[in-house]
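# Observations on the model geometry
The lines below spell out each chain.
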Amino acid sequence: MESKKPLIIIPAYKEEANIEFVADNIINNYPQYDYIIVNDGSKDNTAKICRERNYNFCDLPINLGIGGAVQTGYKYAERNGYDIAVQIDGDGQHDVSQLEKVIAPIKNGEADIVIGSRFITKAGFQSSKARRAGIKFLSGLIHICTGKKVFDVTSGYRAVNSRFIHIYAENYPNDYPEPEALVVAAINGGKVKEVPIIMNERKSGTSSIRAWKSVYYMIKVTLAIIICRISLGIRRQ
Amino acid sequence: MLPTNLRITLIIAIIFYFILILIFLKKKALELRYTLLWILAGVVMGFFVVFPQLLLYMIRLLGIESPMNGLYVLCIGFIIIILMALTSIVSKQMVKIRTLVQENAMLEKRLREAEKKVDKYESISDGITDTENL
């Protein structure tokens with residue numbers, strides 16, 4: 001049935017230390033997938049490495065943030081007619097060997113969006129207590145606002161079908177987009193499914209969510225979810 | 001009542017304000033549609049300074065005691081509205097810039113790949129002409 005391979009979207013911001021590992025792993029071990037690296041305007045050697053190694057990559061001239069980078073991937077997927085797109089992190093936290101599990105529900109039509117979740121089976125790398133509490137709060141908020149229960153709302157390991165490739169190419173949130181993207185999915189009536197995955201610890205570098213930013217993160221995401229929910233209410237009338 | 005000397009000062013300030021807007025517009029340093037709010041603010045302020053009775057009436061309605069405080073409230077109100085309009089403009093531009101950056105990156109990718117193909121083709125055709133020369 002599948003006319004094309006699934007596309008792996010790899011947003012990369014200052015990932016010169018990890019990008020080679022991530023890309024070579026896909027090229028050598030998983031030829032059944034296509035991939036696109038989106039260099040999010042990093043000033044380090046990320047773009048240079050991609051050029052030298054002849055990777056399939058898009059080079060954003062300025063830094064847009066993770067949302068803008070991932071959206072570029074969805075736009076690329078849309079223009080090139082992909083049926084399934086999977087976004088993973090550029091830091092090697094997400095194991096490509098788990099990808100088949102994540103796209104399986106899309107292939108058999110069970111879901112429009114599949115999220116690879118750390119929390120269902122509690123295996124592999126978990127995160128700090130404070131972060132887990134924050135994720136739990138957001139998960140509860142999204143449950144109240146959209147009626148969808150998702151545990152790992154901040155997971156960046158997610159697969160979408162062609163319908164949501166179009167939707168996300170048009171409309172993808174900006175700053176810390178993962179929880180908000182779920183609300184966008186709910187507004188558009190997408191079927192969301194969560195599958196357990198095992199996550200690796202970061203190879204190197206720091207996570208994009210730093211301690212001093214986490215308060216801002218929580219407030220911003222909470223507001224974004226509530227506003228999304230309000231506009232959903234208007235749309236229904 | 002506003003004291004006369006204060007009214008004169010304010011009128012001069014407002015005239016200066018309009019001249020400044022005009023200079024900016026003439027130099028094309030301001031887009032006219034973004035200036036409309038500024039002009040509206042100036043007109044309303046000027047109106048109240050020239051006809052202070054109206055200002056006093058409004059102020060009494062709002063329960064403000066001194067006319068000068070009324071002018072302050074008005075000023076701050078306008079500033080907040082203008083700032084909001086600015087934030088909205090910035091946000092819209094951000095969306096536009098984001099789209100541009102993404103399109104640019106995808107174009108750059110296609111160009112890069114096309115150039116590579118051309119290079120390959122040229123090196124092949126170079127090879128052919130070389131052998132012909134032999």
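Located above this text is the structure these notes cover.
Throughout what follows, the structure given in this document is the object of discussion.

Thresholds applied
- Residues numbered from 1 in each chain as written.
- Chains lettered and ligands numbered in written order.
- Predicted model: local features only at pLDDT ≥ 70, side-chain atom pairs only at ≥ 80, totals over all residues.
- Heavy atoms only, no water.
- Buried < 20%, exposed > 50% of the residue type's maximum accessible area, 1.4 Å probe, protein only.
- Helix = DSSP H or I, 4+ residues; strand = E, 2+ residues; numbered from the N terminus.
- Arc of directions from axis to C-beta.
- Contact = heavy atoms within 4.5 Å.
- Patch = residues over 30% accessible without salt bridge, like charges linked within 9 Å, V, L, I, M, F, W, Y side chains within 5 Å.
- Areas by Shrake-Rupley, 256 points an atom, 1.4 Å probe, with all protein chains shown as cover.
- Salt bridge = Lys/Arg side-chain N within 4 Å of Asp/Glu carboxyl O.
- Lys, Arg positive; Asp, Glu negative; His and termini not counted.
- Charge placed at Lys NZ, Arg CZ, Asp CG, Glu CD.
- Buried area = accessible area lost by both parts, 1.4 Å probe.
- Polar contact = N/O pair within 3.5 Å; in protein donor to acceptor, adjacent residues only side chain to side chain.
- Nonpolar A, V, L, I, M, F, W, Y, C, P; charged D, E, K, R; others polar.
- Expected span 1.5 Å × (residues − 1).
- Axes fitted to C-alpha atoms, helices over the stretch in contact; angles between N-to-C directions.
- Parallel < 35°, antiparallel > 145°, perpendicular 65-115°, else oblique.
- Left-handed = near helix turned anticlockwise from the far one by under 90°.

This next bit is on helix α2 (residues 46-53) of chain A. Quick reminder: α-helices carry 3.6 residues per turn. Residues three or four places apart thus point the same way. All names here are of chain A. For α2, the set of buried residues is Thr 46, Ala 47, Ile 49 and Cys 50. Projected down its long axis, α2 shows its buried positions confined to an angular sector of 160 degrees, all on one face. Buried residues along α2 sit against β1 (7-12), α1 (19-29), β2 (34-39) and β3 (57-59). At the C-terminal side of α2, Asn 54 shows a positive phi close to 65 degrees.

Right, let's talk about a negative patch on the surface for a bit. Residue and element names in this part refer to chain B. On the surface, Glu 115, Asp 119, Glu 122 and Asp 126 cluster together to form a negatively charged patch. Residue position: Glu 122 is located in helix α4 (residues 67-133). Under the relative-accessibility criterion, Glu 122 is labelled partly exposed at 42%.

Turning to the pattern of salt bridges, a few remarks are in order. Residues and elements named next belong to chain A. Scanning the model with the defined rule gives eleven salt bridges over all chains in all. Note that Arg 53 and Asp 24 form a salt bridge whose closest N and O atoms lie 3.3 Å from each other. A residue pair is termed long-range when its members are at least 10 positions apart, and Arg 53 in helix α2 and Asp 24 in helix α1 qualify at 29 residues. The class for Arg 53 is partly exposed, based on a relative accessible area of 37%.

Right, let's get into the interface of chain A and chain B. Each side of the interface is counted separately: chain A has 20 residues, and chain B has 15 residues. Between chain A and chain B, a total of about 1400 Å² is buried, with carbon and sulfur atoms accounting for 52% of that surface. Our count for the chain A to chain B interface comes out at one salt bridge. Among the ionic pairs, Glu 103 of chain B bridges to Arg 79 of chain A, the shortest N-O distance being 2.8 Å. Here chain A and chain B share twelve residue pairs in polar contact (both at pLDDT 80 or more) between them. Mapped by element, the contributors of at least two residues to the side of chain A that touches chain B are β3 and α3 (66-79) of chain A. Residue classes in the side of chain A that touches chain B are distributed as ten nonpolar, seven polar and three charged.

A word on helix α2 (residues 32-50) of chain B. Compared with an ideal rise of 1.5 Å per residue, which puts 19 residues at 27 Å, α2 of chain B spans 26 Å between its outermost C-alpha atoms and is within 8% of the ideal. All buried positions along α2 of chain B are accounted for by Thr 35, Ala 41, Gly 42, Met 45, Gly 46, Phe 48 and Val 49 of chain B.

This part is about the packing of helix α1 (residues 4-26) of chain B against α2 of chain B. Residue and element names in this part refer to chain B. Two elements in contact, α1 and α2, have axes whose closest approach is 10 Å; the angle formed by their N-to-C orientations is 165 degrees. Relative to α2, α1 is oriented roughly antiparallel. Handedness of the α1/α2 crossing: left-handed. Across the interface between the two elements, Arg 7, Leu 10, Ile 11, Ile 14, Tyr 17, Phe 18, Ile 21 and Leu 25 from α1 touch Leu 32, Thr 35, Trp 38, Ile 39, Ala 41, Gly 42, Val 43, Met 45, Gly 46, Val 49 and Val 50 from α2. Its residues assigned to classes, the contact of α1 with α2 shows 15 nonpolar, three polar and one charged.

What follows covers the environment of Ile 36 of chain A. Mapped onto the secondary structure, Ile 36 of chain A falls in strand β2. Residue Ile 36 of chain A is classed as buried on the basis of its relative accessible area, which comes to 0%. Separated by 19 residues in the primary sequence, Ile 36 of chain A and Tyr 55 of chain A have C-alpha atoms spaced 8.1 Å apart. Contact partners of Ile 36 of chain A, with chain neighbours within four places excluded, come to Leu 7, Ile 8, Ile 9, Ile 10, Asn 56, Phe 57, Cys 58 and Tyr 76 of chain A together with Lys 109 of chain B.

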